Amino acid sequence: KTVCKYNQKKDMNYTQVLEKLKSYCAYQERCHQEVTEKAYKLGLYKNEVGNAISELIQEDFLNEQRFAEAYVSGKFNIKRWGRVKIVNNLKQKRISDFCIKKALLEINEKDYLKVLNYWIDRKLKECNEKDDFKKKGKVASFVIQKGFESHLVWEELRRIDL
């Protein structure tokens, strides 16, 4: 007989689980979805999860806007993702459009174009395609996969002479 991990009561009471959730949130910024999943894994029931989320928000362990800003900052500065990929990932985490828009304002436009050109230069150096048209196509495809807007990618590629 298979036992489902979700909703399986552990040997912890609500207060103990709440303390675990507080340390989970204190370790790094978390979104509501991650904390909800963790709460279920720790054995809370649906009504308890709602109460725990409310307490975490009231005590400022959980803050959607702060999470969105930290996420945008990390994915842009460390992973060098473009806005499109960042927005799509935040939407998967059920972050509100308002929080996403506000968090994206943290990205400096000059820095954004520098990162865009970093990816273009990097891909141009490693691309062995002889045909300039095909080469630009491959570079554009690669950079767009990194989450950059296609119109910006093509604008930058038009400026480059191969």
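Nothing here was measured: the structure is a model prediction, and the numbers come from that model.

Here the focus is the confidence of the model for the chain. Of the residues in the chain, 93% have a pLDDT of 70 or more, and the chain-wide mean is 91. The low-confidence segment residues 1-8, where pLDDT is below 50, has nine contacts with residues more than four positions distant or belonging to other chains.

This next bit is on helix α4 (residues 64-77). Between its terminal C-alpha atoms α4 stretches 20 Å, which fits the 20 Å expected from 14 residues at 1.5 Å a residue. Those residues of α4 that sit buried are Gln65, Phe67, Ala68, Tyr71, Val72, Gly74, Lys75 and Phe76. Along its buried surface, α4 packs onto α2 (32-41), α5 (83-92), α6 (97-104) and α7 (109-126). Regarding α4, its N-cap is Asn63, as a side-chain oxygen of that residue lies 3.0 Å from the backbone nitrogen of Gln65 further along.

It is worth spelling out unusual backbone geometry at this point. Trans is the common state for peptide bonds, and a negative phi is the common state for residues other than glycine. A positive phi is found at Asp60, a non-glycine position, where the angle reads about 65°. Residue placement: Asp60 occurs in the loop between α3 (46-58) and α4. Using a relative accessible area of 44% as the deciding quantity, one classes Asp60 as partly exposed. Despite not being glycine, Arg80 has its phi angle at roughly 60°, a positive value.

Of the voids in this model, the largest pocket is the one considered here, and its volume is about 170 Å³. Considering the residues around the largest pocket, the lining is formed by Gln28, Glu29, Glu34, Phe67, Ala70, Tyr71, Gly74, Lys75, Ile78 and Lys79. No other element matches α4, which puts five residues into the lining of the largest pocket. Its residues assigned to classes, the lining of the largest pocket shows four nonpolar, two polar and four charged.

Right, let's talk about the environment of Ile86 for a bit. With respect to the element layout, Ile86 can be found in helix α5. Separated by 18 residues in sequence, Ile86 and Leu104 place their C-alpha atoms 8.8 Å apart. Once residues within four sequence positions are removed from consideration, Ile86 is found in contact with Tyr71, Val72, Lys75, Phe76, Trp81, Leu104 and Ile107.

Let us now look at the packing of aromatic side chains. Given two aromatic rings, their pairing is described by the distance between the two centres and the angle made by the two planes. Per the counting criterion, the structure on display carries five aromatic pairs. Between the aromatic rings of Phe76 and Tyr112, the centroid separation amounts to 5.9 Å while the plane-to-plane angle is 25°, which identifies the pairing as stacked. Highlighted residues: Phe76 in helix α4 and Tyr112 in helix α7, separated in sequence by 36 residues. Relative accessible area serves as the criterion here: at 0%, Tyr112 is assigned to the buried category. A ring pair is formed by Tyr118 and Trp119, whose centres lie 5.0 Å apart and whose planes are at 65°; its orientation type is edge-to-face.

For the rest of this paragraph, the subject is the nonpolar core. Ranked by internal contacts, the top residues of the largest apolar core, which has 30 residues, are Ile86, Leu90, Ile95, Val143 and Phe148. Only α4, α5, α6, α7, α8 (132-145) and α9 (150-159) provide two or more residues apiece to this core. Per-element accounting of this core gives the leading share, six residues, to α7. Grouped together as the second largest cluster of nonpolar side chains are 15 residues, Leu18, Leu21, Leu44 and Leu56 included.

By the definition in use, this model includes eleven salt bridges. Within this structure, Glu19, Lys22 and Glu59 form a network of salt bridges that share partners.

This paragraph deals with the state of the cysteines. In total, this model carries zero disulfides according to the counting rule given. No disulfide involves Cys25; its sulfur sits 9.7 Å from the nearest other cysteine sulfur, which is in Cys31. For Cys25, a relative accessible area of 5% translates into the label buried.

Rules used throughout
Residues numbered from 1 in each chain as written. Predicted model: local features only at pLDDT ≥ 70, side-chain atom pairs only at ≥ 80, totals over all residues. Heavy atoms only, no water. pLDDT = per-residue confidence, 0-100. Contact = heavy atoms within 4.5 Å. Helix = DSSP H or I, 4+ residues; strand = E, 2+ residues; numbered from the N terminus. Expected span 1.5 Å × (residues − 1). Buried < 20%, exposed > 50% of the residue type's maximum accessible area, 1.4 Å probe, protein only. Polar contact = N/O pair within 3.5 Å; in protein donor to acceptor, adjacent residues only side chain to side chain. 1 Å grid on protein atoms, 1.4 Å probe; cavity = no way out; pocket = protein on both sides within 12 Å on 5 of 7 lines; lining within 4 Å. Points joined across faces, edges and corners; volume = space filled by probe spheres on them. Nonpolar A, V, L, I, M, F, W, Y, C, P; charged D, E, K, R; others polar. Phe/Tyr/Trp six-rings, centres within 6.5 Å; stacked < 30°, edge-to-face > 60°. Core = buried A, V, L, I, M, F, W, Y, C linked by side-chain atoms within 4.5 Å. Salt bridge = Lys/Arg side-chain N within 4 Å of Asp/Glu carboxyl O. Disulfide = S-S within 2.5 Å.

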